[in-house]
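Given next are the chains, with one letter for each unit.
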Protein chains: 2
Amino acid sequence: MKAEYVNPFITAAGQAFSTMLDCQIRREGLSLKDNASPSHEISGVIGLSGRAAGTVVLSFSESLALKAAGTMLMTEYTEVNGDVIDAVGELANMVAGAAKAQLEELQLSISLPNVITGKGHVVRFPSSVNPICVTFATDWGPFTLEVGLEPVAEPVPA
Amino acid sequence: MKAEYVNPFITAAGQAFSTMLDCQIRREGLSLKDNASPSHEISGVIGLSGRAAGTVVLSFSESLALKAAGTMLMTEYTEVNGDVIDAVGELANMVAGAAKAQLEELQLSISLPNVITGKGHVVRFPSSVNPICVTFATDWGPFTLEVGLEPVAEPVPA
């Protein structure tokens, strides 16, 4: 994967947290994703397609997901329910949407968000993709951003 | 979700299992997905976008995933490794690709497959979507097909 593809997603994550949650994020590390490492407890997954195909995954600690949903919906959550799932999906959607606008040349379109729950779940990418994983800290708990995106072969003109 | 959107995925699953695995599938049930019910152990997830946006999920029991990968790669697997992950992703990709061709009017494009592992993981859809879940049996174990797909609002002409 081209490393420059990941920057629009990092910028978009900072903007989404700042505008939606009034929460500052601190980038802690950037690495190639080890495919077998578990994500956090709640992952928002959005498919990307166009001149490149791939996925963006935002994986939240439970504490961060609860606090983020509570802030967006102005209430307090103590367990992961449908509202919390939708809030995580919506944050992933905002990040994918803003990054897509920055990566205009790829003409990306985005799928609906799915949210994966379950302690110890792992979101794996095809072995042909080398996704980049960025870890972040916030005052509410950690999250990771994973982006795997590969150019699609252009159809040969007839 | 329009129920007719799911039929091309059912047909595609039967074709993929028949041609790739020489394995017949038997449809057991069709229901609206209860969002909180766990999937099987290994789920292939592909995002869809175009005139509709959504996701297709193929969730395999471990026994079926091992046997399917072994048949595709002509070897024997006793644990879920990178080959098995890629085989599950490739089956999901074939199903999405064949269904996309049948749903021409939606002009779908498909993301790369992600594969989710972890006992008890749940793949959840946005609460605005009513995904349809189809359960299948095979001689190697069960799997489910989940499709959630919603039309995208057309941009208003300027």
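Higher on the page you've got the structure.
The rules behind the values
Residues numbered from 1 in each chain as written. Chains lettered and ligands numbered in written order. Predicted model: local features only at pLDDT ≥ 70, side-chain atom pairs only at ≥ 80, totals over all residues. Heavy atoms only, no water. Helix = DSSP H or I, 4+ residues; strand = E, 2+ residues; numbered from the N terminus. Buried < 20%, exposed > 50% of the residue type's maximum accessible area, 1.4 Å probe, protein only. Contact = heavy atoms within 4.5 Å. Least-squares fit on C-alpha atoms with pLDDT ≥ 70 in both. Buried area = accessible area lost by both parts, 1.4 Å probe. Salt bridge = Lys/Arg side-chain N within 4 Å of Asp/Glu carboxyl O. Polar contact = N/O pair within 3.5 Å; in protein donor to acceptor, adjacent residues only side chain to side chain. Pairing = 2+ DSSP bridges. Core = buried A, V, L, I, M, F, W, Y, C linked by side-chain atoms within 4.5 Å. Axes fitted to C-alpha atoms, helices over the stretch in contact; angles between N-to-C directions. Parallel < 35°, antiparallel > 145°, perpendicular 65-115°, else oblique. Left-handed = near helix turned anticlockwise from the far one by under 90°.

**Examining the overall build of chain A**
Across its full length, chain A holds 3 helices and 8 strands. Overall, chain A shows an N-to-C arrangement of helices and strands of α-β-β-β-α-α-β-β-β-β-β. The principal-axis extent of the C-alpha atoms belonging to chain A is close to 60 × 30 × 25 Å. The buried share of chain A, reckoned over its 158 residues, is 51%. Taking the intrachain contacts of chain A between residues at least 6 apart in sequence as the baseline, contacts between residues at least 24 apart amount to 71%.

**With respect to the relation of the copies chain A and chain B**
Screw-axis analysis of chain A against chain B gives a translation of 0.0 Å along the axis, an RMSD of 0.0 Å, and a rotation angle of 180 degrees. Taken together, the rotation angle and the small translation identify this as a two-fold axis. If distances are taken from each C-alpha of chain A to the rotation axis, the shortest is found for G47 of chain A, at 2.2 Å. Taken together, the interface assignments show that 100% of the residues at the interface of chain A recur at the interface of chain B, consistent with an identical surface on both copies.

**Some remarks on the interface of chain A and chain B**
Accessible area lost upon the coming together of the parts serves often as the stated size of an interface. Listed as interface residues are 28 residues of chain A and, on the opposing side, 28 residues of chain B. When the two sides are added together, the surface that chain A and chain B hide from each other amounts to roughly 2300 Å², 51% of it contributed by carbon and sulfur. The largest contributions to the chain A side of the interface with chain B come from L112, N114 and R124 of chain A, which together make up 27% of the buried area. Where chain A meets chain B, there are 0 salt bridges. At the surface where chain A touches chain B, the tally comes to 15 residue pairs in polar contact (both at pLDDT 80 or more). Breaking the side of chain A that touches chain B down by element, the ones donating at least two residues are β2 (42–49), β3 (52–60), α3 (82–102), β4 (109–110), β5 (114–117) and β6 (122–124) of chain A. With 4 residues, β5 of chain A is the single largest residue contributor to the side of chain A that touches chain B. The pairing of β5 of chain A with strand β6 (residues 122–124) of chain B spans 3 bridges and is classified as antiparallel.

**A few points about unusual backbone geometry**
Phi is positive for D22 of chain A, which is not a glycine, with a value near 50 degrees. Along the polypeptide, D22 of chain A turns up in the loop between α1 (7–21) and β1 (26–32). D22 of chain A sits in the exposed class, given a relative accessible area of 67%. Its identity as a non-glycine residue notwithstanding, Q107 of chain B has a phi of 45 degrees, on the positive side. With respect to the element layout, Q107 of chain B can be found in the loop between α3 (82–102) and β4 (109–110).

**Concerning the pattern of salt bridges**
Residue and element names in this part refer to chain A. Inspection of every chain in the model, using the stated rule, returns 2 salt bridges over all chains. The shortest N-O distance in the salt bridge between D139 and R26 comes to 3.3 Å. With a gap of 113 residues between them, D139 in the loop between β7 (132–137) and β8 (143–151) and R26 in strand β1 connect regions that are remote in the sequence.

**Thoughts on the nonpolar core**
In this structure, F9, F60, L145 and L149 of chain B are the most contacted members of the largest nonpolar core, which totals 46 residues. Where this core is concerned, the elements lending two or more residues are α1 (7–21), β2 (42–49), β3 (52–60), α2 (62–73), α3, β7 (132–137) and β8 (143–151) of chain B. When residues in this core are grouped by element, the largest group, 9 residues, is from α3 of chain B. Contacts of F60 of chain B, omitting those with residues within four sequence positions, involve F17, H40, E41, I42, A65, V88, L91, P142 and F143 of chain B. Counting 44 residues, the second largest nonpolar core, distinct from the first, contains L21, L48, V95 and L103 of chain A.

**Digging into the packing of α1 of chain A against α3 of chain A**
Residues and elements named next belong to chain A. Contact geometry of α1 with α3 gives a least axis separation of 8 Å together with a crossing angle of 130 degrees. Comparing the axis directions of α1 and α3 gives the class oblique. Crossing of α1 over α3 shows right-handed handedness. From α1, P8, F9, A12, A13, A16, M20 and L21 reach across to α3, where they touch L91, M94, V95, A96, A98, A99 and Q102.

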